[in-house]
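Chains, contacts and geometry: an overview
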Amino acid sequence: MRWISRLFIISFACLSLMTSAYANLFGGTVTVDGQQKTYSFKTIQEAVDSLSDGQLAQEFPGYNDNSNVNGDLNVRGIPISFDYVGTTLNIDIPSLGIHEVFTGDNRDAAENQFNNWLKGEGDAQVTKLFKGFVSNTAYDPVAGNPTSLMARMLDNDFDIATQAHLRRYAGITHGYNLFSFAPTYSDYTVGGTNVHQYNIPIKDSLYFNGGKSAFIFDMPITYIDEDGTSTYSAQLGLAFAQAINKFWSLIPAFHVGAVGSVDLGSGTVVYDASLSSRTEIPIGQFEVGMTNTFDWLKTQNVQTGAYNINYDLTNWGFKNGLDGQYHFKNVPIALGLSYSYAVMFGDKWYIPDYNEVGFNFINTAKHNGTRYDFLTLGVDYQFAPHFDGYNVVLGMNF
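Structural notes, computed from the coordinates. Since the structure is predicted, the reported quantities are computational estimates derived from the model, not experimental observations. (Residues numbered from 1 in each chain as written. Predicted model: local features only at pLDDT ≥ 70, side-chain atom pairs only at ≥ 80, totals over all residues. Heavy atoms only, no water.)

Side note on the environment of D380
Put simply, the test is: Helix and strand definitions here come from DSSP, where helices need a minimum of 4 consecutive H or I residues and strands a minimum of 2 consecutive E residues; each element is numbered from the N-terminal end. The classification of residues rests on relative accessible area computed with a 1.4 Å probe and restricted to protein chains. Under 20% of the type maximum is buried, over 50% is exposed, and intermediate values are partly exposed.
In this structure, D380 sits in strand 20 (residues 370-384). Looking at D380, the relative accessible area reads 14%, which means it is buried.

The structure is reproduced here in structure tokens:
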């Protein structure tokens, strides 16, 4: 996993745990010897530089190691207070029960102690801060909200099961390979902030055993632009679909996912293992389906250079949905409707559950007598408290 770890080295090169790239969610006031200034930051580097000795001396004439300094910051909804008394730096995060004191021969030494605390010496307390971002904010890229990596891994396992369609391939007498490519654009409002997500799920399905079994390899790649910040993630996984009878199949799956954001100073690796049940029942020209997915997800402790990144999250996800398709006679067209509900248990999330409704226009095709969805244009609407948005997908199978 060394290649995954390297993905996040840059993310924690600075004091990333103390800062956020969300300009509308990170700000505060700093007071030096009674003179107060208000700050708003757009990047991690700006925030780190603004609190350095050099920047404080530039912003506040007369500043020195004996100056009284205190500040109140709001980092993604988490209040953080700090103050300097002589060469002692005090950090307080009351909502998380964190209080740390760093004392050195000078303020530079105290800052170095704080850096070492972030790098690993503050192990349990730093992990508590990570978990606070997940439970207290709608914007963490790892977990805590429907746009996070953990939520998208649950969604992905659910989609794999829903789209396996083993019933359609029953009776084929040869191996059948189906490659899928489904670019998706998403526009969300999360806690009042605009999120634009670009996702490219790539999937290859190999059907065999008379169409009763299939190996499914997939690799979704995602880029997220949130209020001008950038987050990158990818998943790599394998699923196995097995028909139990002509209407019902089971689909276990395993994935590893990685997410990193230089702007947010966040990132980690997530493993998931899921089991999905898929039922498909034809009723005339209608096809009714039901998918139930149970997912276990866990973050990996990642060592990146001098920094130890440990979210220490374990969650169990459930996503259940109903869908239906109507296939027109003598025309290779179908229309689909769907509804699903997802919920996360385990470590606390800020937005633990969400709903989704969708509509699909499908152009079907046949290969050696087997019908499949050749082209799909879909629109989904997702919603929950503090969250709503839509997805537009153009899916191709060949």
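On we go.
Some details on the packing of helix 4 (residues 107-121) against helix 5 (residues 123-136)
Packed helix pairs are specified by the crossing angle of their axes together with the interaxial distance, meaning the distance between the axes. Heads up, the condition is: Think of each axis as a best-fit line through the C-alpha atoms, taken over the contacting stretch in the case of a helix, with angles from 0 to 180 degrees between the N-to-C directions. An angle counts as roughly parallel when it lies under 35 degrees, as roughly antiparallel when it exceeds 145, as roughly perpendicular when it falls between 65 and 115, and as oblique in every other case. Any two residues whose heavy atoms approach within 4.5 Å are treated as being in contact. Under the convention adopted here, Pro, Cys and the residues Ala, Val, Leu, Ile, Met, Phe, Trp and Tyr are nonpolar, Asp, Glu, Lys and Arg are charged, and Gly plus all remaining residues are polar.
The interhelical angle for the contact between helix 4 and helix 5, taken along N-to-C directions, is 80°, at an axis separation of 7 Å. For the element pair helix 4 / helix 5, the angle class is roughly perpendicular. Between helix 4 and helix 5, the contacting residues are W117, L118, G120 and E121 on the first element and D123, Q125 and V126 on the second. Residues of the contact of helix 4 with helix 5, tallied by class, amount to 3 nonpolar, 2 polar and 2 charged.

Comments concerning the pairing of strand 4 (residues 78-85)
Rules: Two strands qualify as a pair provided that DSSP identifies no fewer than 2 bridges between them.
Here strand 4 shows a buried face lined by I78, I80, F82 and Y84 and an unburied face lined by P79, S81, D83 and V85. Counting the residues in the hairpin turn of strand 3 (residues 69-75) and strand 4 gives 2 residues, including R76, whose phi is positive at 50°. The sheet contact formed by strand 4 and strand 5 (residues 88-93) spans 5 bridges and is antiparallel. Pairing of D83 across the sheet is with N90, part of strand 5. Linkage of strand 4 to strand 5, two consecutive antiparallel strands, is achieved through a turn of 2 residues, within which G86 is found at a positive phi near 65°.

A look at the packing of aromatic side chains
Two numbers describe a pair of aromatic rings. These are the distance of the centres and the angle of the planes. Rules: Two rings belonging to Phe, Tyr or Trp (six-membered ring only in the last case) form a pair when the distance between their centres is within 6.5 Å. Interplanar angles under 30 degrees mark stacking, angles over 60 mark edge-to-face geometry, and anything in between is tilted.
With the rule as written, the count across this model stands at 18 aromatic pairs. With centroids separated by 6.1 Å and ring planes inclined at 25°, the aromatic side chains of Y198 and Y223 adopt a geometry described as stacked. Highlighted residues: Y198 in strand 9 (residues 193-208) and Y223 in strand 10 (residues 213-226), separated in sequence by 25 residues. Ring centres 5.1 Å apart and planes at 45° place the aromatic pair Y223 and Y232 in the tilted group. An aromatic cluster of at least three residues, connected via ring pairs, comprises Y185, Y198, Y223, Y232 and Y390.

Brief notes about the pattern of salt bridges
Let me state the cut-off plainly: Any Lys or Arg side-chain nitrogen found within 4 Å of a carboxyl oxygen on Asp or Glu counts as a salt bridge.
Across all of its chains, the model carries 7 salt bridges by this definition. A salt bridge links K319 to D155; the shortest N-O distance between them is 2.9 Å. In this pair, K319 sits in strand 17 (residues 314-327) while D155 sits in helix 6 (residues 149-162), placing the two residues 164 residues apart along the sequence. Look at K319 and you get buried, because its relative accessible area is 2%. D155 gets classed as buried once you look at its relative accessible area, which sits at 12%. The salt bridge involving R278 is made with E280; its shortest N-O contact spans 3.2 Å. On the basis of relative accessibility, which here comes to 3%, the residue R278 falls in the buried class. The structure contains a network of salt bridges with shared partners spanning K131, D312 and D347.

On their own, these measurements won't tell you what the molecule is for.
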